Amino acid sequence: MTTLQVNGRVQQLDVDPSTPVLWALRDSLGLTGTKFGCGASLCGACTVHVDGQAVRSCVTPISSVEGKKITTIEAVTGGDDRVGRAVRDAWVKHDVAQCGYCQSGQIMSATAFLKTLPKGQQPSAADIDAAMAGNVCRCGTYARIRAAVADAARNLA
């Protein structure tokens, strides 16, 4: 039995300790906002936060996150996360999503990045690109993603 803290709730899971966090979230807990993309930590679709850090859940075994705080897209954009709401609102304003498949991972990476910035600091385009590297968008909305992250940073200042 593995105990996880997901979105502020303690969860008991009877799964193999080597099970990737992605599948524990999706299959055992029904949190399907986190997507499977590549299974090799290359695309970013599966990004969640572990103790505030953006982590690729497709290659992270649940045994390595026991006792840590896992946050998913459901809590970041649907809860009381001020930064997550700012990112979500900027995503809508800039019409970022096309197919939408990568967007939960993109939003999770953007939110983790913005939380690392000192209050009021505005990231450069290069800062945003570096923070978002590893998140693949097959639709190619990178310019809109960059604009949305910059807009969210301005709105948080």
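Residues numbered from 1 in each chain as written. Predicted model: local features only at pLDDT ≥ 70, side-chain atom pairs only at ≥ 80, totals over all residues. Heavy atoms only, no water.

*Asks:* What is the right way to look at the packing of aromatic side chains in this model?
*Replies:* The description of two aromatic rings rests on the distance between their centres and on the angle between their planes. If you walk through the whole model with that rule in mind, you get one aromatic pair. Between Trp23 and Phe36 the ring centres are 5.5 Å apart and the planes differ by 35 degrees, which places this aromatic pair in the tilted class. Of the two residues, Trp23 sits in helix H1 (residues 21-28) while Phe36 sits in the loop between H1 and strand E3 (47-50), which places them 13 residues apart along the sequence. Take Phe36: its relative accessible area is 33%, and that puts it in the partly exposed class. (Phe/Tyr/Trp six-rings, centres within 6.5 Å; stacked < 30°, edge-to-face > 60°. Helix = DSSP H or I, 4+ residues; strand = E, 2+ residues; numbered from the N terminus. Buried < 20%, exposed > 50% of the residue type's maximum accessible area, 1.4 Å probe, protein only.)

*Asks:* Any chance you could explain the side chain of Thr34 here in plain terms?
*Replies:* For Thr34, the position within the fold is in the loop between H1 and E3. Of the residues examined, Thr34 reaches a relative accessible area of 1% and is grouped as buried. Setting aside residues no more than four positions away along its own chain, Thr34 makes contact with Leu22, Leu25, Arg26, Ala45, Cys46, Thr47, Val48, Ser57, Thr72, Ile73 and Ser104. (Contact = heavy atoms within 4.5 Å.)

*Asks:* Looking at this structure, I do not really get the nonpolar core. What am I missing?
*Replies:* Within soluble globular proteins, side chains that are nonpolar tend to cluster in buried spots. In terms of nonpolar packing, the biggest core is built from 25 residues, with Val87, Trp91, Leu114, Ile145 and Val149 touching the most fellow members. Within the residue set of this core, elements represented by two or more residues are helix H2 (73-78), helix H3 (82-93), helix H4 (103-116), helix H5 (125-132) and helix H6 (142-156). Broken down by element, this core gets its largest block of residues, seven residues, from H6. In contact with Ile145, not counting residues within four places along its chain, are Trp91, Val96, Gln106, Met132 and Cys137. Formed by 12 residues, the second largest nonpolar core is a distinct cluster that contains Val6, Ala24, Leu25 and Ile70. (Core = buried A, V, L, I, M, F, W, Y, C linked by side-chain atoms within 4.5 Å.)

*Asks:* Would you explain the pairing of strand E4 (residues 53-56) in this entry?
*Replies:* Two faces belong to every sheet, and in a regular strand the side chains alternate between them. Both E3 and E4 contribute to a ladder of four bridges, which runs antiparallel. By the bridge assignment, His49 is partnered in E4 with Ala54. Counted along the chain from E3 to the antiparallel partner E4, the turn is two residues long, and its residue Asp51 has a positive phi close to 50 degrees. (Pairing = 2+ DSSP bridges.)

*Asks:* Would you mind showing me how to read the pattern of salt bridges here?
*Replies:* Pairing is possible between side chains that carry opposite charge, provided their charged atoms lie close to one another. Scanning all chains against the criterion turns up five salt bridges. Salt-bridge contacts for Asp151 lead to Lys93; the nearest nitrogen and oxygen are separated by 3.2 Å. In this pair, Asp151 sits in helix H6 while Lys93 sits in helix H3, placing the two residues 58 residues apart along the sequence. Take Asp151: its relative accessible area is 5%, and that puts it in the buried class. A salt bridge links Asp129 to Arg146; its shortest N-O distance comes to 2.8 Å. Within this pair, whereas Asp129 is found in helix H5, its partner Arg146 is found in helix H6, the two being separated by 17 residues in sequence. Here Asp129 falls in the partly exposed class, since its relative accessible area comes to 37%. Linked by salt bridges that have partners in common, Lys93, Asp151 and Arg154 make up one network. (Salt bridge = Lys/Arg side-chain N within 4 Å of Asp/Glu carboxyl O.)

Shape descriptors only; they carry no functional weight alone.
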